[in-house]
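Results of the structural survey
In case you want the letters, here they are:
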Amino acid sequence: MRHRGTQRIETDRLILRRFTIDDAEAMYKNWASDPDVTKFLTWQPHADVNATKAVLEEWVRSYAQENYYQWAIVLKERGDGPVGSIAAVQINDDIDMVHIGYCLGKNLWHRGIMSEALKAVMDYFFDKVGVNRIESRHDPRNPHSGMVMKKCGMTYEGTLRSSDRNNQGICDACWYALLKSER
């Protein structure tokens, strides 16, 4: 892979860009404090905006690494700060693989926003970074996340029983992937 770090990506409706510390209020308000958004994630809702700032400070520092990929999702029409995030949460250079995770403020669910963001990030990884495999997973009790993966061309590879943990406890994990050769 040819790591390039988190670069700006634009789609019809979205700007995917690096986070800044100034995004703390929007991130906290739009999704990081919402237990409905974090229900199937591995981190708890932020108790206050200072918790969000602490996370953003770490992310901003990490942008110095060429193999760090964490995008803020911003709606072009609003332009008032991020409404979600999408990132490579795991990278395996030995097999040219990235594992993608994402979350979005619930007032924007079911509008195709996350599918648009995921498709753009997948294109970036295949075309610019040289990834061979892009994978993701979701708790089967969160089927809408799997629908995003399917909409972006990922293939369901199976469900691993009691193989993961999120804010609901130990859970099954439904795995999806797309190979470069399958595009």
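These figures come from a predicted structure and were not determined experimentally.

**Considerations on unusual backbone geometry**
In this structure, D96 is a non-glycine residue whose phi angle is positive, near 55°. Within the secondary structure, D96 sits in the loop between β4 (84-92) and β5 (97-104). Overall, the relative accessible area of 24% leaves D96 in the partly exposed class. For H110, which is not glycine, the phi torsion reads 65° and is therefore positive. Considering the arrangement of structural elements, one finds H110 in the loop between β5 and α4 (113-129). Residue H110 is classed as exposed on the basis of its relative accessible area, which comes to 64%.

**A closer look at the sheet that holds β4**
Reading across the sheet, the eight strands line up as β1-β2-β3-β4-β5-β6-β8-β7 and stay open at both edges, with mixed pairing between neighbours. Each end of this open sheet is capped by a strand with a single partner; those strands are β1 (9-10) and β7 (155-166). The sheet strands contacting helix α5 (residues 143-151) are β5, β6 (133-138) and β8 (169-179), and the helix crosses β6 at an angle near 160°.

**Quick look at helix α1 (residues 24-32)**
Taken together, the buried positions of α1 are occupied by A24, A26, M27, N30, W31 and A32. Along the axis of α1, the buried positions cluster into a sector of 155°, meaning they face one direction only. In α1, those exposed residues whose orientation departs by more than 90 degrees from the buried face are E25 and K29.

**A few points about the pairing of β7**
Summarising the sheet, β7 and β8 pair through eight bridges and their orientation is antiparallel. Residue pairing in the sheet places N166 in a bridge with G169 of β8. Between β7 and β8, which follow one another and run antiparallel, lie two residues.

**Quick word on α5**
S145, G146, V148 and M149 are the residues of α5 that are buried. Across the axial projection of α5, the buried residues extend over an arc of 150°, all falling on one side. Turned more than 90 degrees off the buried face of α5, the exposed positions are K150 and K151. Structurally, α5 contributes buried residues whose contacts are with β5, α4, β6 and β8. G153 sits one or two positions beyond α5 and adopts a positive phi of about 90°.

**Topic: the packing of α1 against helix α3 (residues 49-62)**
The N-to-C vectors of α1 and α3 enclose an angle of 115°; their axes lie 9 Å apart at closest approach. Between α1 and α3, the interaxial angle falls into the category roughly perpendicular. Helix-helix and strand crossings are classified by hand; for α1 and α3 the assignment is right-handed. In contact with A24, E25, M27, Y28 and A32 of α1, α3 contributes V49, T52, K53, V55, L56 and W59. Its residues placed into classes, the contact of α1 with α3 shows eight nonpolar, one polar and two charged.

**Comments concerning the nonpolar core**
Proteins that are soluble and globular tend to have nonpolar side chains buried together. Within the largest apolar cluster, 35 residues are counted, with the highest numbers of intra-cluster contacts made by I86, I100 and F125. Here the element with the most residues in this core is α4; it accounts for eleven residues. With near-sequence residues (within four places) excluded, I86 lies in contact with Q70, W71, I73, I100, G101, Y102, M114, A117, L118 and V121. Residues V49, L56, W59 and A72 belong to the second largest nonpolar core, which totals 14 residues.

**Concerning the packing of aromatic side chains**
For any pair of aromatic rings, geometry is given as the distance between the ring centres together with the angle between the planes. Within this structure, the stated rule accounts for ten aromatic pairs. A ring pair is formed by F19 and W31, whose centres lie 6.3 Å apart and whose planes are at 55°; its orientation type is tilted. One end of the pair, F19, is in the loop between β2 (14-17) and α1; the other, W31, is in helix α1, and twelve residues separate them in sequence. Across the pair, exposure class does not vary: F19 and W31 are buried alike. Judged by centre distance (5.0 Å) and plane angle (55°), the rings of F19 and W59 are tilted. Of this pair, F19 sits in the loop between β2 and α1 while W59 is found in helix α3, placing the two residues 40 residues apart along the sequence. Comparing F19 with W59 shows no difference in burial state: the two are buried. Site record: aromatic cluster; members linked through ring pairs are Y69, W71, Y124 and F125.

The rules behind these values
- Numbering of residues starts from 1 in every chain and runs along the sequence as written.
- Only residues with pLDDT of 70 or above have their local features reported here, since the model is predicted, and side-chain atom pairs are shown and tallied only from 80 upward, although totals for entire chains, interfaces and linings are computed over all residues.
- Excluding hydrogens and water, the side-chain values take into account all heavy atoms of the structure.
- Strands are runs of DSSP state E lasting at least two residues, helices are runs of H or I lasting at least four, and both sets are numbered from the N terminus onward.
- Burial here depends on accessible area, computed with a 1.4 Å probe over protein chains only, as a share of the maximum for the residue type. Under 20% is buried, over 50% is exposed, and the range in between is partly exposed.
- Strand pairing is assigned whenever DSSP detects at least two bridges linking the two strands.
- In this analysis, two residues are considered to be in contact whenever any of their non-hydrogen atoms come within 4.5 Å of each other.
- Orientation is described by axes fitted as lines to C-alpha atoms, over the contacting stretch for helices, and by angles from 0 to 180 degrees between their N-to-C directions.
- Directions are taken from the helix axis to each C-beta atom, and the arc is the one they span.
- Any angle from 65 to 115 degrees is called roughly perpendicular, while one under 35 is roughly parallel, one over 145 is roughly antiparallel, and all others are oblique.
- The crossing is said to be left-handed when, going from far helix to near helix, the turn is anticlockwise and less than a right angle, and right-handed when the turn is clockwise.
- For this classification, Asp, Glu, Lys and Arg are treated as charged, while Ala, Val, Leu, Ile, Met, Phe, Trp, Tyr, Cys and Pro are nonpolar and the rest, including Gly, are polar.
- By nonpolar core is meant a set of buried Ala, Val, Leu, Ile, Met, Phe, Trp, Tyr and Cys residues that side-chain atoms within 4.5 Å join together.
- Here a Phe, Tyr or Trp ring, Trp counted by its six-membered ring, pairs with any other such ring whose centre lies within 6.5 Å, and the pair is stacked when the planes are under 30 degrees apart, edge-to-face when over 60, and tilted otherwise.

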